[in-house]
Amino acid sequence: MAEPLKRSISYFALTMIAVGSCIGSGIFISPSDVAGQLASGTQILVVWLLGGVVAVTGALTFSELASRYPGTGGVYLYLREAYGDLIAFLYGWSILTVITSGAIAALCIAFARYLGLLIGLGPEFQIPVGLLALLFVTVINLAGVKWSAFFSSFMTMLKVIGIGLIVIVCFTYGQHLSENVISDAHVNGKVSFGLALIGVLWSYGGWHHASYVGGEVYNAKKILPRALITGAGIVTAIYLLVNVAYLSVLNVEEIAGSQAVATDALSRITTAGGMIVAVLIALSTFGTAGIYTLSAPRIYFTMGADKVFFPWLADIHPRLGTPFKAIILQSAWAAVLLMFWGTFESLATYVVFMDWIFMTLAAVAIFLFRKRETSRDQDAYRVPFFPVIPMIFIGISIWFLLSTLTGRPVQAVAGILLMLAGLPFYYKFRGRQVLK
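Residues numbered from 1 in each chain as written. Predicted model: local features only at pLDDT ≥ 70, side-chain atom pairs only at ≥ 80, totals over all residues. Heavy atoms only, no water.

### Regarding the packing of helix H6 (residues 126–142) against helix H14 (residues 273–295)
- One can describe the packing of H6 onto H14 by two numbers: an axis separation of 9 Å at closest approach and a directional angle of 45°. Taken together, H6 and H14 sit at an angle that is classed as oblique. Along this stretch, H6 crosses H14, giving a crossing that reads as right-handed. For the pair H6 and H14, the contacting residues are Ala-133, Phe-136, Val-137, Thr-138 and Asn-141 in the first and Phe-286, Ala-289, Gly-290, Thr-293 and Leu-294 in the second.
- In terms of residue class, the contact of H6 with H14 is made up of six nonpolar, four polar and no charged. (Axes fitted to C-alpha atoms, helices over the stretch in contact; angles between N-to-C directions. Helix = DSSP H or I, 4+ residues; strand = E, 2+ residues; numbered from the N terminus. Parallel < 35°, antiparallel > 145°, perpendicular 65-115°, else oblique. Left-handed = near helix turned anticlockwise from the far one by under 90°. Contact = heavy atoms within 4.5 Å. Nonpolar A, V, L, I, M, F, W, Y, C, P; charged D, E, K, R; others polar.)

Structure (structure tokens):
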């Protein structure tokens, strides 16, 4: 049996992990992709509010799951307990090979790109700088969970303060909010809320990363639900305020046509707008890469302990108390992806699609757990208005998945094929267990 991890993460640090996991580069870049699928400022705000509904109903649902199974691994644990080792393994496999490692690679590239704008580095330096950023966050997370939690909290606070400044400046000097919310844009093609949700859920995705570190939280059964709900609520409020701020300066067509909506919005007000946004995106991407390097290796740690993957992934550093081999594996694979992809834009659709398949399955698990409930579960957090809250999350998630499958079939199928590529590994390790 694997040695337990140290319980060193507080409620504040866990909430900052939930918030910081969401706020990467998405809110600075995705609004243009979202607006391109819509026809009015009202629709923009509705779809971002819909993303908030998904996040909050999801956080409420996952709070009960986290209270029932507050150990290390989060979503992996819920899937394992509900559906068995195979589905849980495919989730962990997808997290390692595509979802989180790919996101870390993309975030480090984005950090390098915006740092290059600030200090005058050419495109040829993006991959070396991205690798250095990846090395830094890896070392921080190897050093101990207290250092990791401090880094995550500090970077998240900087992000929130920076975004707050954008909102205040745009609200103060923007004069076109009413007309931009009400007026329709001249759009080419059909309005699609489902496809607009890709960019929205890419931006909202991540609050569940707080559940991965449940085994390192004081009084996790109570603290995890509070942090998940608080984090999702904070992110929803921030994203709605930011989009209202954008609309106070830019109309829908301008947002849809922008390659960097935050930069364009601030540049209408100050010549330093581009520089301010570059600093913010560099901080945000760097901080989120650090949080992902902290959280996801806890899944591989638990997979190793379950012996459905390499058993050495459950090894804990004797002095630092971190799952150092799991962290190194993820960072090594992220480095490979960073060097071979070298781009951010090709990632979002199939990462979000694959992540949301498993998120939906985890939410459905709450109905299974309620049916199997024992006396051990009586003191668990109970999602309010059950089954309405979970059904809202599940319903919107299924609608999004079907919209992605029909609207972006190539990326969706690619994600599914990458997930299925993990089956030979699962049966290899399962065969070893049978032989033993």
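After presenting the structure, the write-up continues.
### Digging into the nonpolar core
- Within the largest apolar cluster, 143 residues are counted, with the highest numbers of intra-cluster contacts made by Leu-14, Phe-28 and Phe-62.
- Those residues in contact with Phe-28 that sit more than four places away from it in its chain are Ile-163, Ile-166, Tyr-246, Ala-260, Val-261, Ala-262, Leu-280, Ile-281 and Ser-284. (Core = buried A, V, L, I, M, F, W, Y, C linked by side-chain atoms within 4.5 Å. Buried < 20%, exposed > 50% of the residue type's maximum accessible area, 1.4 Å probe, protein only.)

### Structural notes on the environment of Asn-243
- Following the sequence through the fold, Asn-243 ends up in helix H11 (residues 220–247).
- A C-alpha to C-alpha distance of 27 Å links Asn-243 and Phe-151, two positions 92 residues apart in sequence.
- With sequence-adjacent residues up to four places away left out, Asn-243 is seen in contact with Ile-27, Pro-31, Ile-44, Leu-45 and Trp-48.
- Here the side chain of Asn-243 touches Trp-48 through a polar contact of 3.3 Å, side chain to side chain. (Polar contact = N/O pair within 3.5 Å; in protein donor to acceptor, adjacent residues only side chain to side chain.)

### Digging into the side chain of Thr-236
- Counting through the fold element by element, Thr-236 comes out in helix H11.
- Apart from residues no more than four positions distant in its own chain, Thr-236 is found in contact with Gly-52, Ala-55, Val-56 and Tyr-204.

### Observations concerning unusual backbone geometry
- Look at the link from Phe-386 to Pro-387: it is a cis peptide, with omega at 5°.
- Counting through the fold element by element, Pro-387 comes out in the loop between helix H17 (348–371) and helix H18 (388–407).
- Even without being a glycine, Lys-307 presents a positive backbone phi close to 60°.
- When its relative accessible area of 41% is taken as the criterion, Lys-307 is described as partly exposed.

### Some remarks on the side chain of Thr-322
- In this fold, Thr-322 is placed in the loop between helix H15 (297–306) and helix H16 (324–341).
- According to the relative accessible area criterion, Thr-322 is buried, its value standing at 0%.
- For Thr-322, the residues in contact, after removing those within four places along its chain, are Asn-141, Leu-142, Gly-144, Val-145, Asp-315, Ile-316, His-317 and Ile-327.

### A word on the packing of helix H3 (residues 41–68) against H18
- H18 packs onto H3 with a crossing angle of 130° between their chain directions and a minimal axis gap of 8 Å. In terms of axis orientation, H3 runs oblique to H18. For H3 against H18, the interelement crossing comes out left-handed. On the side of H3, the interface is formed by Leu-50, Val-53, Val-54, Thr-57, Gly-58, Leu-60, Thr-61 and Phe-62, while H18 contributes Ile-389, Pro-390, Ile-392, Phe-393, Ile-396 and Trp-399.
- Among the residues making up the contact of H3 with H18, the classes are represented as 11 nonpolar, three polar and no charged.

### Brief notes about a nonpolar patch on the surface
- A cluster of nonpolar residues, Ile-398, Leu-402, Leu-405, Val-413, Leu-417 and Leu-420, forms a patch on the protein surface that exposes about 500 Å² of accessible area.
- Sorting the residues of the nonpolar patch by element identifies H18 and helix H19 (409–420) as the ones contributing at least two each.
- Position of Ile-398 relative to the elements: it lies in helix H18. (Patch = residues over 30% accessible without salt bridge, like charges linked within 9 Å, V, L, I, M, F, W, Y side chains within 5 Å. Areas by Shrake-Rupley, 256 points an atom, 1.4 Å probe, with all protein chains shown as cover. Salt bridge = Lys/Arg side-chain N within 4 Å of Asp/Glu carboxyl O.)

### Observations regarding the pattern of salt bridges
- A complete count under the given rule lists nine salt bridges for this structure.
- The partner of Arg-80 in a salt bridge is Glu-81, with the nearest N and O atoms 3.0 Å apart.
- Residue Arg-80 is classed as partly exposed on the basis of its relative accessible area of 21%.
- In this structure, Lys-325 and Asp-315 form a salt bridge, with 2.7 Å as the shortest nitrogen-oxygen distance. Of the two residues, Lys-325 is situated in helix H16 and Asp-315 in the loop between H15 and H16; the sequence distance between them amounts to 10 residues.
- Residue classification places Asp-315 among the partly exposed residues on the basis of a relative accessible area of 30%.
- Because the salt bridges share partners, they merge into one network encompassing Glu-64, Arg-68, Arg-370, Glu-373 and Arg-382.

Structural measurements only, silent on function.
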